[in-house]
Amino acid sequence: MNQRAIPYMHLRGGSSKGLYFLAADLPAEASLRDQWLLDIVGRDSRQIDGLGGGDPLSSKVAIVGPATREDADVDYLFVQVVVGENRVDTTPNCGNILAGVGPFAIESGLFPAQDSETRLRVHMVNSGKVCELVLQTPGGAMNYAGNARIDGVPGTSAPVICNYMDVAGSACGSLLPTGNVIDVVDGIEVTCVDNGMPVVVLRATDLGIRGDEPPAELNANNALKQKLQSIRLQLGPKMNLGNVDGAAVPKMCLISAPQQGGVINTRTFIPYQCHTSIGVLGAVSAATACILPGSVAEGIARLVEGNPLQLSVEHPSGEFSVSLDIDRDGDLPVVRQAGLLRTARLLSRGDLYLPESC
């Protein structure tokens, strides 16, 4: 055979899906590994010669291996194959693909399932942070059937609880990467937050839109996209991200008043197209902006009482529920833990094939 066989699993994690690999089955050297992944997922915009779906939500990879730190059970490196650009990005985390890491670790024999419920601590290599996954494992086997429902995914599945521990500054080094609650760029007020994902939060009305438009309408608004790109490029260095031209972060999150009883309504550009939902960690950062006094969300966000604080972040496909355990003793609130509900399902497993040229 003139092709190389590579073991893999294909899982839906949250509202994304990706290819999952044991770290031992891929090259340890990063540049060679990335070339393999480009051939595996697909290098062109259609990804016609790979397993990707021609969309950022289905062009994702998880590399999972034994933990390299004592407070975790496994390591997880997320890789985004950038559709049509023949490159990968390992800067951000992906909370959706993270939801499939636990099932993959159990299915692959990397981590033993317990009876009834399994708790698995995942070291997110991209950010150096830890997330605890709570999985349903009756009889010591992974269960995918259940009554949990998440927007953007048809039907119901067993819940996967994701408890993020101390994720502030995951990519930028601090919760407020610029050191300010408010920055002004091109005459527009913004709040830059990194609580698991670097996000720039902006008022939709400041950009001349309502904030409830369908994503297709916003994607056809070239003037809006040019404004967002100008702001994004200027904020990259200020957020300790450097030149962000073409990078997956920061996400640009336009907010408006909620319409379905949530805390805010969102439209998120990742990075240049408005998506039909919001990412897991993007929702955590957007929700965090809502609790920061003086942020652009003040006067828009409709907060409720409680701790942990239950926040529903609305997006074009529905809503994303975030639970924030908050310490309010300091000058600014500190999120001790962010809890989210996701689901996952094993779609396929076996061998994929790399061309001889790779």
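Relevant structure appears above.
Nothing here was measured: the structure is a model prediction, and the numbers come from that model. (Residues numbered from 1 in each chain as written. Predicted model: local features only at pLDDT ≥ 70, side-chain atom pairs only at ≥ 80, totals over all residues. Heavy atoms only, no water.)

Asks: I'd like a rundown of the overall build of the protein chain, residues and numbers included.
Replies: Regarding its fold elements, the protein chain presents six helices and 17 strands. Here the C-alpha atoms of the protein chain give a radius of gyration of 20 Å, agreeing with the 21 Å that 2.2 N^0.38 yields for 358 residues. Oriented by its inertia axes, the alpha-carbon framework of the protein chain measures out at about 60 × 45 × 35 Å. Put simply, the protein chain has 358 residues, and 55% of those count as buried. When the accessible surface of the protein chain is summed, it comes to about 14400 Å², and 47% of that surface belongs to carbon and sulfur atoms. Of the charged side chains in the protein chain, 27 are positive and 38 negative, and the gap between their average positions amounts to 4 Å. (Helix = DSSP H or I, 4+ residues; strand = E, 2+ residues; numbered from the N terminus. Rg over C-alpha atoms; globule rule 2.2 N^0.38 Å. Buried < 20%, exposed > 50% of the residue type's maximum accessible area, 1.4 Å probe, protein only. Areas by Shrake-Rupley, 256 points an atom, 1.4 Å probe, with all protein chains shown as cover. Lys, Arg positive; Asp, Glu negative; His and termini not counted. Charge placed at Lys NZ, Arg CZ, Asp CG, Glu CD.)

Asks: Kindly report on the pattern of salt bridges, identifying the contributing residues and their values.
Replies: Close approach of charged atoms lets side chains of opposite charge pair. Considering all chains together, one arrives at 13 salt bridges under this definition. Its salt-bridge partner being Arg119, residue Glu132 comes within 3.0 Å of it at the nearest N-O pair. Here the residue Glu132 occupies a position in strand E7 (residues 129–137), and Arg119 occupies one in strand E6 (residues 116–124), the gap between them amounting to 13 residues. Overall, the relative accessible area of 16% leaves Glu132 in the buried class. (Salt bridge = Lys/Arg side-chain N within 4 Å of Asp/Glu carboxyl O.)

Asks: Pulling in residues and values, what's your account of the environment of Ala257?
Replies: Relative to the assigned elements, Ala257 resides in the loop between strand E12 (251–256) and strand E13 (264–269). The partly exposed category is assigned to Ala257, whose relative accessible area is 36%. As for Ala257 and Ala301, which are separated by 44 residues in sequence, their C-alpha atoms are 6.6 Å apart.

Asks: Describe the nonpolar core, with residues and values.
Replies: Note that soluble globular proteins tend to have their nonpolar side chains buried in a common cluster. Among the nonpolar cores identified, the biggest contains 91 residues, and Tyr76, Leu98, Tyr164, Leu202, Leu254, Ile264 and Leu324 are the most heavily contacted of them. Counting residues per element, this core draws most heavily on helix H6 (residues 280–291), which supplies nine residues. When residues no more than four places from it in sequence are discounted, the contact partners of Leu324 are Ala287, Thr288, Ile291, Asn307, Pro308, Leu309, Leu311, Val335, Gln337 and Ala338. Listed in part, the 18 residues of the second largest apolar core include Leu37, Ile40, Ile63 and Leu352. (Core = buried A, V, L, I, M, F, W, Y, C linked by side-chain atoms within 4.5 Å. Contact = heavy atoms within 4.5 Å.)

Asks: Explain unusual backbone geometry to me, and be specific about the residues and the numbers.
Replies: With the exception of glycine, most residues fall at negative phi, and the peptide bonds are largely trans. Residue Pro250 is reached from Val249 by a cis peptide bond, and omega for that bond is 0°. Tracing the sequence through the fold places Pro250 in the loop between helix H5 (222–238) and E12. The linkage connecting Ile270 with the following residue, Pro271, adopts the cis geometry, with an omega of -25°. Here Pro271 is to be found in the loop between E13 and H6.

Asks: Would you mind going over the environment of Ala204 in detail, with residue names and values included?
Replies: Within the secondary structure, Ala204 is located in the loop between strand E11 (198–203) and helix H4 (215–219). When near neighbours in sequence (up to four residues on either side) are disregarded, Ala204 contacts Ile209, Arg210, Gly211, Leu254, Ile255 and Ser256.

Asks: Help me get a handle on the packing of aromatic side chains, residues and values and all.
Replies: Summed over all chains, the structure comprises one aromatic pair. Between Tyr20 and Phe104 the ring centres are 5.8 Å apart and the planes differ by 35°, which places this aromatic pair in the tilted class. Taken together, the positions of Tyr20 in strand E2 (residues 16–22) and Phe104 in helix H3 (residues 101–107) put the pair 84 residues apart, joining distant regions of the chain. Look at Tyr20 and you get buried, because its relative accessible area is 0%. The buried category is assigned to Phe104, whose relative accessible area is 2%. (Phe/Tyr/Trp six-rings, centres within 6.5 Å; stacked < 30°, edge-to-face > 60°.)

Asks: Outline the pairing of E6, listing residues and values.
Replies: Sheet topology places strand E4 (residues 74–82) next to E6; three bridges connect them, and they run parallel. Across the sheet, Asp75 pairs through a bridge with His123, a residue of E6. Direction of pairing for E6 relative to E7: antiparallel, over a ladder of nine bridges. Note on E7: the bridge partner recorded for Met124 is Lys129. (Pairing = 2+ DSSP bridges.)

Asks: Outline helix H1 (residues 30–41), supporting the account with residue identities and numerical values.
Replies: The first and last C-alpha atoms of H1 sit 16 Å apart over 12 residues, in line with the 16 Å expected at 1.5 Å per residue. Looking only at H1, the buried set comprises Arg33, Asp34, Trp36, Leu37, Leu38, Asp39, Ile40 and Val41. Positive phi shows up at Gly42, right after H1, with a value of about 125°. (Expected span 1.5 Å × (residues − 1).)

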